[in-house]
Amino acid sequence: MSISIKVKEGIAASSWVVNIFEGNSQSGSGGKEVCDFRLGNPKIEPPLEFAEELKKVANNPFPEMHGYSALAGHVQTREAIAKTLSNERGLNFTAQHVIMTAGGAGALNIILKAILNPGDEVIVLSPLYLEYPYYIDNHGGVCCVAETNADFTLNIDTIAAKITSRTKAIIINSPNNPTGTIYSEESLKSVARLLAERNRQFGKDIFLIYDAAYQDIVYDGSKIPDIFSIYSNTIFAASYSKPLSIPGERIGYAAVHPAMKNFEEVTEALIFANRVLGYLSAPVLMQHVVSRLQGVCVKRAEYQERRDMFCDALEDFGYSFIRPKGAYYIFPETPGDDLVFIQELAKEGILVLPGKSFGRSGYIRIAFCVKKETIKKSLPGFKKVNDFFKRNANAK
Ligand SMILES: Cc1ncc(COP(=O)(O)O)c(C=O)c1O
């Protein structure tokens, strides 16, 4: 009775992930009430429109409402998304280009399943969303990590150095988890130029998988460059988890660039992947609900208020970090080992994740999608631990 060695290793390397999903944070060291900033599970309630739409759908049942949908998803929902994408991007998206998925994670997995052959390489940028290496491995791919710059902007040279004849795709996540960076249009164009050059060199088409999980969570009026106008071999992985604050409902979509040469073959592969990975289709009730919620989003101001409250305080305490432009994470540098730093924070009843788990040691990730009181309560602890580390560093 043995389990897969790879799975065993995965469990050992990430047991803390299981703990955070199980809410294993009721009391910290010494029975202190815990301020938990580990998981991007928003404590902000969904917008009112979501509850209204949910009630409307529930109160107006129709035959086979809860049956399997088409593998690609309900055509009305896909049409609604295609219309939104067309309006926003000035391209001719139709339902054919959109596949409904079980969240952004489902979208990423069907994309990787659809395109990868064993041993194909996928470039990811570090600091990285910690599930990418597992998702790539799920489908026989090899994860190749390219570092971003010290300020987390794209480094074209490190990406260029990772491209080989086996490169099948690059995953770009902007706004970024864990850094909150929005990559500039210029830097994305440089990536597109590089990919086009290598496509010519190797006689192939490298896919750009754009992870848009946080596309609606942006601050200071920041604009996100339109990746579809930059690179036509793009597959978009989007999610309603963050904009509607409904991550437990598992609803998202994949969208294929209308100008992709073999888009029909690619969408057929995505639909096949949705089936054989056992999703069959995205959760059907949610497909009905999100259909009329295009463009609806939680109040960004709520997140911006939390970001500013947290960042202003951390700045005062002497933390070094780049104020996030989007998503809801702060990624400060630690004066000293990040694993030791998080242990000291835990003694103060503060739980954060180490940069190490995002591929960059010497940082911590703080998820600020929490109640304002939680942030306020944690601030003395953040100050105490940073002061302690700085004093120790100065004493050396
Ligand atoms: C960067 C990134 N991509 C994808 C996901 C997957 O989100 P979901 O599957 O809930 O849409 C997450 C979730 O936190 C994320 O942070």
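Given the structure is predicted, the values throughout are model-derived calculations rather than measurements. (Residues numbered from 1 in each chain as written. Predicted model: local features only at pLDDT ≥ 70, side-chain atom pairs only at ≥ 80, totals over all residues.)

The domain boundaries assigned to the chain delineate domain 1 (5-46 + 299-395) and domain 2 (62-291). Listed as interface residues are 26 residues of domain 1 and, on the opposing side, 27 residues of domain 2. At the level of elements, α11 (300-316) and β9 (329-330) are the ones that each hand at least two residues to the side of domain 1 that touches domain 2. (Domains from an automatic or database assignment. Contact = placed C-beta atoms within 7 Å. Helix = DSSP H or I, 4+ residues; strand = E, 2+ residues; numbered from the N terminus.)

It is worth spelling out the environment of Lys-261 at this point. Here Lys-261 is to be found in the loop between β8 (252-256) and α9 (263-276). Residue classification places Lys-261 among the exposed residues on the basis of 11 C-beta atoms within 10 Å. As for Lys-261 and Ala-82, which are separated by 179 residues in sequence, their C-alpha atoms are 18 Å apart. (Buried ≥ 20, exposed ≤ 12 C-beta atoms within 10 Å, placed from the backbone.)

Once that is clear, we can look at the environment of Val-290. Secondary-structure assignment places Val-290 in helix α10 (residues 284-291). Given 27 C-beta atoms within 10 Å, Val-290 falls into the buried group. Along the primary structure Val-290 and Arg-250 are separated by 40 residues, whereas in three dimensions their C-alpha atoms are 11 Å apart. With residues up to four places along the chain from it excluded, the contact list for Val-290 reads Thr-77, Tyr-240 and Ile-251.

Looking now at unusual backbone geometry. Ser-174 connects to Pro-175 through a cis peptide bond whose omega is -5 degrees. Along the chain, Asn-177 connects to Pro-178 via a cis peptide bond; the corresponding omega equals 25 degrees. When you line up the elements, Pro-178 lands in the loop between β5 (167-173) and α8 (185-202). At Phe-152, a position not held by glycine, the phi torsion is positive, near 70 degrees. By the C-beta count within 10 Å, which is 21 here, Phe-152 ends up buried. The phi angle at Arg-250 is positive, at roughly 55 degrees, despite the residue not being glycine. Structurally, the position occupied by Arg-250 is in the loop between β7 (234-239) and β8. Overall, the presence of 19 C-beta atoms within 10 Å leaves Arg-250 in the partly exposed class.

For the rest of this paragraph, the subject is the sheet that holds strand β12 (residues 364-367). Read from one edge of the open sheet, three strands run β9-β12-β11, paired in antiparallel fashion. The two strands at the open ends of the sheet, each matched to only one other strand, are β9 and β11 (353-354). The pairing of β9 with β12 spans two bridges and is antiparallel. Along β12, the bridge assignment pairs Tyr-329 with Ala-367. (Pairing = 2+ DSSP bridges.)

Glancing now at the pairing of β5. Burial analysis of β5 places seven of its seven residues in the buried class, which makes it a mostly covered element. Two strands pair when backbone bridges link them, and strand β3 (residues 121-126) and β5 are joined in this way by four bridges, in the parallel orientation. When the sheet's bridge partners are listed, Val-124 is paired in β5 with Ile-171. As defined by bridge partners, β5 adjoins strand β6 (residues 207-211) across five bridges and the pair is classed as parallel. Bridged to Ala-169 within β6 is Phe-207.

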